[in-house]
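# Structure at a glance
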Amino acid sequence: MSVVLSHCSDSADCAQKYVVKNYFYYYLFKFSSALGEEIFYITFLPFTYWNINHDVSRRLIMMWCIVMYIGQVTKDILKWPRPHSPPVVKLEVRADYGMPSTHAMAATSISFTFCIATINQNKYSLVLGLMAAFVFSTLVCLSRLYTGMHTVLDVIGGTLISAALIILTYPAWDIVDRLMLTSPFCPILSIVVPLLLCYNYPKLEDYSPTRADTTTVLGAGAGATIGFWLNNLYEAPYYPNESLHLSLHPISEMMMVVLAKFLVGIFILLVTRYFIKGLALRVLCSRYQVSLNDLKVRRRLEIEVPYKFITYSSVGFSATVLVPLVHELLGLI
């Protein structure tokens, strides 16, 4: 894979220099590792809402929030360190703990939940769906070993936890989905419960990005859930479930519509994130009379949690409410 030219004098994470010997594996696993990042799911999950199926999207977001919260909290309770470097060559720098691998958890839960949720709605065999889910999750898991970020035990632990969560929650998927759409308490619970979980996140002696990552995930899920509830209440623009069936439209036309939806949607989400993040930080820093540019200040509980939650709940809400309205306006639905 690579040869280390220099390394740190201690076991702390640091930037390393290395020589790539096999570029195929290097780019394959770097790309596969990116498929497990929060930013990928924040773009992929809206894509499923805009182009595939609302029911599938809701189940994916529900499982994503559950596995990411449990995975991040488990990391900070166990406090198992990541692989030491040297001897491991680390292609990324992370300041959090290793067990379990949340990349493995997210990849396993998202891929197999997608397979289970779509198997009765699309014309493909269960075996094909399971094979695709297995390949996706395996690539992400192997990428975490290749990049030196996890041990084999971290990856296996994350995979098994996700598998157990899918098995345990599957019987309740339809019940939770119905409550998510029809319960009058849904909006308030979607805000209160995630905020309670974020404010009561396990405290660590040294700063870790896991609380911020968890707030990002739960915030995006909260905003999307409120959007689902409002769309159901007011019968907002609805994407046809069959929009991706190849037999209904010429492939070229279908791909152009899918691409247009995606680009328009991502542009709106990026603009929303930019303006809401800036506004939230300015208001909070003004409230606590601290510097906006001080990174340590932005990591304080009273600033980090609300600004992350407000920013990404706005992103989730825009993905499920604002973007469909723009798509309808542009004639993409």
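Note: the structure precedes this text.
Numbers given for residues are sequential positions, taken from 1 along each chain in its written order. With the structure being a predicted model, the display of local features is reserved for residues of pLDDT at least 70 and the display and counting of side-chain atom pairs for 80 or more, all residues being used for whole-chain, interface and lining totals. No hydrogens and no water enter the side-chain calculation; it runs on all heavy atoms of the structure.

### Details of the packing of helix 4 (residues 102-118) against helix 5 (residues 126-146)
- Between N-to-C directions, angles cover 0 to 180 degrees, with each direction set by a line fitted to C-alpha atoms, over the stretch in contact for helices. A run of H or I in DSSP becomes a helix once it reaches four residues, and a run of E becomes a strand once it reaches two; helices and strands are each numbered from the N terminus. Running from N to C, helix 4 and helix 5 cross one another at 170 degrees; their axes reach a closest spacing of 9 Å. Relative to helix 5, helix 4 is oriented roughly antiparallel. Taken together, the residues of helix 5 that come into contact with helix 4 (itself represented by His-103, Ala-104, Ala-107, Thr-108, Ser-111, Phe-112 and Cys-115) are Leu-126, Gly-129, Leu-130, Ala-133, Phe-134, Phe-136, Ser-137, Val-140, Cys-141 and Arg-144.
- Considering only residue class, the contact of helix 4 with helix 5 consists of eleven nonpolar, five polar and one charged. Angle categories: roughly parallel below 35 degrees, roughly antiparallel above 145, roughly perpendicular from 65 to 115, and oblique for all the rest. Only heavy atoms enter the contact rule, under which two residues are in contact if any of them lie within 4.5 Å. Any residue that is not Ala, Val, Leu, Ile, Met, Phe, Trp, Tyr, Cys, Pro, Asp, Glu, Lys or Arg is counted as polar, Gly included; the first ten are nonpolar and the last four charged.

### A closer look at the pattern of salt bridges
- Any Lys or Arg side-chain nitrogen located within 4 Å of an Asp or Glu carboxyl oxygen qualifies as a salt bridge. Inspection of the entire model under this criterion finds six salt bridges.
- When the shortest N-O distance is used, the salt bridge between Asp-177 and Arg-59 registers 3.6 Å. Here Arg-59 lies in helix 3 (residues 54-78) and Asp-177 lies in helix 7 (residues 173-182), a separation of 118 residues in the sequence.
- Per-residue accessibility, obtained with a 1.4 Å probe over protein chains only, is compared with the maximum for each type, and a residue is labelled buried under 20%, exposed over 50%, and partly exposed between these values. Here Asp-177 falls in the buried class, since its relative accessible area comes to 9%.
- Classification of Arg-59 by relative accessible area gives buried; the value is 12%.
- One salt bridge connects Arg-300 with Glu-302, and the closest N-O pair in it is separated by 2.6 Å.
- Classification of Arg-300 as partly exposed rests on a relative accessible area of 31%.
- The network of salt bridges with shared partners includes Asp-55, Arg-58, Arg-59, Asp-174 and Asp-177.

### Concerning helix 5
- Multiplying 1.5 Å by the residue count of a helix minus one yields the expected span of that helix. Its 21 residues give helix 5 an end-to-end C-alpha distance of 30 Å, which sits within 8% of 30 Å, the value for a rise of 1.5 Å per residue.
- Among the residues of helix 5, those classed as buried are Gly-129, Ala-133, Ser-137, Val-140, Cys-141, Ser-143, Arg-144 and Tyr-146.
- In this structure, the buried residues of helix 5 make contact with helix 1 (23-34), helix 4 and helix 6 (152-169).

### Observations concerning the environment of Cys-285
- Take Cys-285: it is sitting in helix 10 (residues 251-288).
- The exposure class assigned to Cys-285 is buried, which follows from its relative accessible area of 3%.
- Considering only alpha carbons, one finds Cys-285 and Glu-302, 17 residues apart in sequence, at a separation of 9.9 Å.
- When near neighbours in sequence (up to four residues on either side) are disregarded, Cys-285 contacts Val-290, Ser-291 and Leu-292.

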